[in-house]
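Summary of structural features
The primary structure of each chain is shown beneath.
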Amino acid sequence: MTSATSSASVTTSGSGTPPDTGRATQSGFALGLPPRPALLTRPAWIALIALIIAIGLGVPLSALVLPETSAFHLSAYMMTLTGKFMCYAIAALALDLVWGYCGILSLGHALFFALGGYAIGMYLMRSIGHQGVYQSDLPDFMVFLNWHALPWYWEGTQHLWYALVLVVMVPAVIAWVFGFFTFRSRVKGVYLSIITQAMTFAAMLLFYRNETGFGGNNGFTDFKTIGSFPITHPGTRTALFLITFAVLVLAFLGARAIVTSKLGRVVTGVRDGETRLMFLGYSPLGYKLFIWTVSAILCGIAGALYVPQVGIINPGEMSPGNSIEMAIWVAVGGRGTLIGPIIGAFAVNGAKSFFTANFPEYWLFFLGLIFVLVPLLLPHGIMGLVELAMRRRKRS
Amino acid sequence: MAFSILRLTRRSIGKLGIALIVIAPLAAFALTPADIAPLAGDDFDAKSAAIDKLIASHDAPSQALLKALSEDNALTTDSGEVLIQDGDATKDAITGKTVAADGAQPVTLNNMLRSKVSGALSGSQLDSIDLETRRAAINALLQNPDPSMKPLIDAQRAKETDPGLKKKLDTLWAMTALHNSDPATRLEAVQLVAARHDLDMNELLRPLIAKKPDGTFVESDDRVRAAAQAGIDELDAIQRRSAIAGTLFAGLSLGSVLLLAALGLAITYGLIGVINMAHGEFLMIGAYATYVVQNLFQRYAPGAFDWYPLLAVPASFAAAAVVGMALERLVLKHLYGRPLETLLTTFGVSLILIQATRMIFGAQNVQVSNPAWMSGGVTVLPSLILPYNRLAILAFSLIVVGIAWAVLTKTRLGLFVRAVTQNRRMAACVGVKTARVDSYAFAFGAGIAGLGGCALSQIGNVGPDLGQSYIIDSFMAVVLGGVGQLAGTVIGGFGLGLISKAIEPFWGAVLAKIAVLVLIVLFIQKRPQGMFALKGRSAEA
């Protein structure tokens, strides 16, 4: 279906001109392409910069300088919670790129999220070193399994830079290979969703095995240091929080740059009429693969930021249910809007924290109701409401 | 046996120290306390000797004590008396008098002694007058042959009259005669042992073809060795055959379950293009409906319990169909043409259904028992038993496929369903009420899933998460088979089941799942619409 919020849909392709020359305006044909939208409008820039300044100064001040008794002190719990939500927001943004703009509903993004988390988790496990229970060079769970050497894929993970490379490369390679084979055979729609879900499910089963070498059931936990800083220290936590925030802002701007570019416009075309786009001479494979891989990388980065803040990663993180929950963050916020999924991630997870603390029995009912009611009553999510309100105000 | 009253010498029993007059049998050895005193000790060699004495004396107290030993009912006191626990009472093993069991400890046996005791018990029952007792004793000895029983077996073999038991005794004799000094006897023994076609016999035959360290054969006679080798080859062939047959059956059994789950899914997906994530929960509803019916039978008609499936089958169909129709009417109807949103919505419904089940029936698994006629199994090969409940489900799934086929091809509703599947608009144009067809077809698909749940309750756990464990596999079956065609689903379901079970022995269940997924992704490279794609315009939907 066509999203009402898609301002940039390919409807105005000219006659006969090869669509990818970029010389259309010079060659005399008037293509009538709408001008490329600005990265952000002026008020949006001002709001964003204000937010950056507020968070950049306010959070360190509130968490580190103010005494704990102060009403404005940011407790470790709140900071971890908000940091967690920001990681979810990055993941939601990534999913919005493929779902909102390319029409691919991935139910496998929890896998990419968890892979990023596992990549950084390997580094964190290695940096525990001799502080573990068994005081061995190997991570505790390997000692427990009676392993005497690191498996080959753990080589080099003692370096933070290498772990960061893995954070990007592992989801990228897996997404690319998987995407290549599925997109090439033009698997799409619900078929694709189901296959991504099966992929995540299979990976989860794999990671649950002790023999896979990622800690099995328990995963990685009990981290001590990250790059020589103690991981639970308020300073480290604040730094991680700010890095997450910075990544969120950059991811948002980067995603915005992609979707407003010509490439983004073709991707939107894939969403709205893949067959038509093919008749116009485009091969959707490359575009789909690009947006899919970028999305997976972004999701991996979100996972890598998530693990040091939350302090644990286990295979439950890649359960199919988690993937679908990501989709509902996007749906609640409004897909195809970029800002919506961020709002949606905060809204749904805020509600989750509230419900699981106060009415644990009813959380699943509530979540289920969101799943049922949002597509029925609020097809464009919260951002759809905002847009409606703004249009009403303009008219009056 | 003749019994007489004997006066025993005065002896003290524990703290009581009283004179006793007891009934004791006349036998080769009268059992004395000294004979069995080692049982109280820690020395297993001494215990073994004591048990040998018990075995040698064919009298009632020693038999009773052996029985008690085999059932862990023998106790010893600190002062060395051996007692037998009999219900709440404890009796002295020799005198049979009830005594106090203060501080008595159970007699500890190791495995060797345990098998000696049970072998002796069986041996002593070999000459029982009762046919069934003899049969049980022979079977016990076949399980656990004991060379020391040879004289008893030989004796009984000579006088056994029942032909069935005689054959068994022959084998039993052969098993004890493998190392007889006469090569002809050995040959006969080996042939009898090999003819049993029992995989456990490998253990007896393998040593016969082994070589000693100096290169000569343990078994000196060529013919005996050849016979042993032939027997081993035959056993290996049986083992291979039964492994293949076992894998086939396991695959078909898994496939039949997947088929039941995937059938409804294929109907609803083919018809309205909706991936129903709550489909697994229809399985669960069917299973819980079976549970409720079972409980009602248990409470109100325990006599007819064996026939509860007759009611549970329609009940599970109806329960799932009603929920399915409600879901279609209330929610999905408004989402047609938006398949991805439908996917999310149905996932939400599945969360609600799971949580509701948890609150109604509890988060724990509930117990659904098989009716008596479904427990047990048919033994095809010695190492391959096909359980009746799995056979029943295999048959059941084929019947359900047959019914679904009949409904879809022979009824008016089926005609409409096929018409709407192929071309919704055209069907509407010629007067098919497509909305109503959607509802009925969705309810029908859900009902079939309910039947699947009813079947599943007979072979697996019934819990709120039941549907979750099958849903992905049944999606894969649909993807593999293609939608909208029964044949595709049947092949997809059984194919997936067979492939999974064929890979499992080599790589384990988890890697098998991953391999299957990779296979499916590779497969749809060749056939993007599944194995049985709809041809023509309807394919490009």
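Everything quoted here is computed from the prediction, not taken from an experiment.

Before going further, it helps to spend a moment on the overall build of chain A. If you tally the helices and strands in chain A, you get 13 helices and four strands. Taking 2.2 N^0.38 as the reference for a compact globule, 396 residues should give roughly 21 Å; the C-alpha atoms of chain A span a radius of gyration of 22 Å, in line with that estimate. Here the C-alpha coordinates of chain A stretch approximately 75 × 50 × 45 Å along the principal axes. The buried share of chain A, reckoned over its 396 residues, is 40%. Contacts spanning at least 24 positions in sequence make up 78% of the contacts within chain A whose residues lie at least 6 apart.

Secondary structure summary: chain B contains 19 helices and nine strands in total. Looking at chain B as a whole, 42% of its 541 residues qualify as buried. In chain B, the proportion of contacts linking residues at least 24 apart, taken out of those at least 6 apart, comes to 67%.

Right, let's talk about the interface of chain A and chain B for a bit. The interface of chain A with chain B comprises 36 residues on the first partner and 31 residues on the second. If you list the elements that add at least two residues to the side of chain A that touches chain B, you get α5 (160-184), α6 (189-208), α10 (320-333) and α12 (363-377) of chain A. Among the elements that line the side of chain A that touches chain B, the one with the most residues is α6 of chain A, at 13 residues. By residue class, the composition of the side of chain A that touches chain B is 27 nonpolar, six polar and three charged.

So, on to the nonpolar core. Counting residues in each nonpolar core, the largest one holds 186 residues, and the members touching the most others are Ile90, Ala91, Ala92, Leu93, Ala302 and Ala327 of chain A. Sort the elements by how many residues they give to this core and helix α2 (residues 76-102) of chain A lands first, with 16 residues. Apart from the residues within four sequence positions on either side, Ala92 of chain A is in contact with Met326, Trp329, Val330, Pro341, Ile342, Gly344 and Ala345 of chain A. If you look at the next biggest cluster of nonpolar residues, it comprises 27 residues, including Ile138, Leu169, Val190 and Leu205 of chain B.

Before going further, it helps to examine helix α13 (residues 339-361) of chain B. Residue and element names in this part refer to chain B. Here α13 spans 32 Å end to end across 23 residues, near enough to the 33 Å set by a 1.5 Å rise per residue. Where burial is concerned, most of α13 is hidden: 17 out of the 23 residues are buried. The positive-phi residue at the C-terminal boundary of α13 is Gly362, with phi of around 90°.

Next up on the list: the packing of helix α4 (residues 111-125) of chain B against helix α5 (residues 131-143) of chain B. All names here are of chain B. Where α4 meets α5, the closest approach of the two axes is 8 Å, and the angle between their N-to-C directions is 145°. Seen along the crossing, α4 lies across α5 with a hand that is left-handed. Residues Ser118, Gly119, Ser122, Gly123 and Gln125 of α4 form the contact with α5, whose own contacting residues are Thr133, Arg134, Ala137, Ala140 and Leu141.

Residue and element names in this part refer to chain B. Of the two faces of strand β5 (residues 89-92), only the one carrying Thr90 and Asp92 is buried; Ala89 and Lys91 on the other face are not. Two elements, strand β4 (residues 82-86) and β5, share four bridges in a ladder whose sense is antiparallel. Bridge assignment links Ile84 to a residue of β5, and that residue is Lys91. Hairpin remark: β4 followed by β5, antiparallel, with two residues in the connecting loop; positive phi at Gly87, about 65°. Strand direction decides the pairing type here: β5 and strand β6 (residues 98-99), joined by two bridges, are antiparallel. Considered in β6, the bridge of Thr90 is made with Val99. Taking the residues that link successive antiparallel strands as the turn, the β5-β6 hairpin has five residues, and the phi of Gly96 there is positive, at about 75°.

Once that is clear, we can look at α12 of chain A. Here α12 of chain A is 15 residues long and its end C-alpha atoms lie 20 Å apart, about the 21 Å a rise of 1.5 Å per residue gives. For α12 of chain A, the complete set of buried residues consists of Leu364, Leu367, Gly368, Ile370, Phe371, Val372, Val374 and Pro375 of chain A. Taken together, the buried residues of α12 of chain A touch α10, α11 (339-358) and α13 (381-395) of chain A together with α13 of chain B.

Moving on, we get to the environment of Ala455 of chain B. Residue and element names in this part refer to chain B. If you trace the backbone, Ala455 turns up in helix α17 (residues 434-456). With 44 residues separating them along the chain, Ala455 and Ile499 place their C-alpha atoms 22 Å apart. With sequence-adjacent residues up to four places away left out, Ala455 is seen in contact with Val257, Leu260, Ile393, Phe396 and Ser397.

Residue and element names in this part refer to chain B. Looking at chain B, the pLDDT average stands at 78 and 87% of residues meet or exceed 70. Mean pLDDT per element in chain B: strand β2 (residues 22-25) is the minimum at 39, and helix α12 (residues 308-330) is the maximum at 93. Under a pLDDT of 50 for its full length, residues 1-28 has, in the predicted model, 33 contacts with residues more than four places off or in other chains. For this predicted complex, the interface confidence score (ipTM) comes to 0.81, while the overall pTM stands at 0.72.

Further remarks concern the sheet that holds strand β3 (residues 74-76) of chain B. All names here are of chain B. Read across the open sheet, the five strands follow the order β6-β5-β4-β3-β7; overall the sheet is antiparallel. One side of each edge strand has no neighbouring strand; the edge strands of this open sheet are β6 and β7 (105-106). In the packing of helix α3 (residues 60-70) onto the sheet, the strands contacted are β3 and β4, and the crossing angle to β4 comes to about 70°.

The next thing to look at is unusual backbone geometry. Residue and element names in this part refer to chain A. Notably, Asn146 is not glycine yet its phi reads approximately 65°, a positive angle. With respect to the element layout, Asn146 can be found in the loop between α4 (140-144) and α5. C-beta crowding within 10 Å serves as the criterion here: with 6 such atoms nearby, Asn146 is assigned to the exposed category. The backbone of Leu338 sits at a positive phi, close to 65°, despite the residue not being glycine. Mapped onto the fold, Leu338 is located in the loop between α10 and α11. By the C-beta count within 10 Å, which is 23 here, Leu338 ends up buried.

How each quantity is defined
- Residues numbered from 1 in each chain as written.
- Chains lettered and ligands numbered in written order.
- Predicted model: local features only at pLDDT ≥ 70, side-chain atom pairs only at ≥ 80, totals over all residues.
- Helix = DSSP H or I, 4+ residues; strand = E, 2+ residues; numbered from the N terminus.
- Rg over C-alpha atoms; globule rule 2.2 N^0.38 Å.
- Buried ≥ 20, exposed ≤ 12 C-beta atoms within 10 Å, placed from the backbone.
- Contact = placed C-beta atoms within 7 Å.
- Nonpolar A, V, L, I, M, F, W, Y, C, P; charged D, E, K, R; others polar.
- Core = buried A, V, L, I, M, F, W, Y, C linked by C-beta atoms within 7 Å.
- Expected span 1.5 Å × (residues − 1).
- Axes fitted to C-alpha atoms, helices over the stretch in contact; angles between N-to-C directions.
- Left-handed = near helix turned anticlockwise from the far one by under 90°.
- Pairing = 2+ DSSP bridges.
- pLDDT = per-residue confidence, 0-100.

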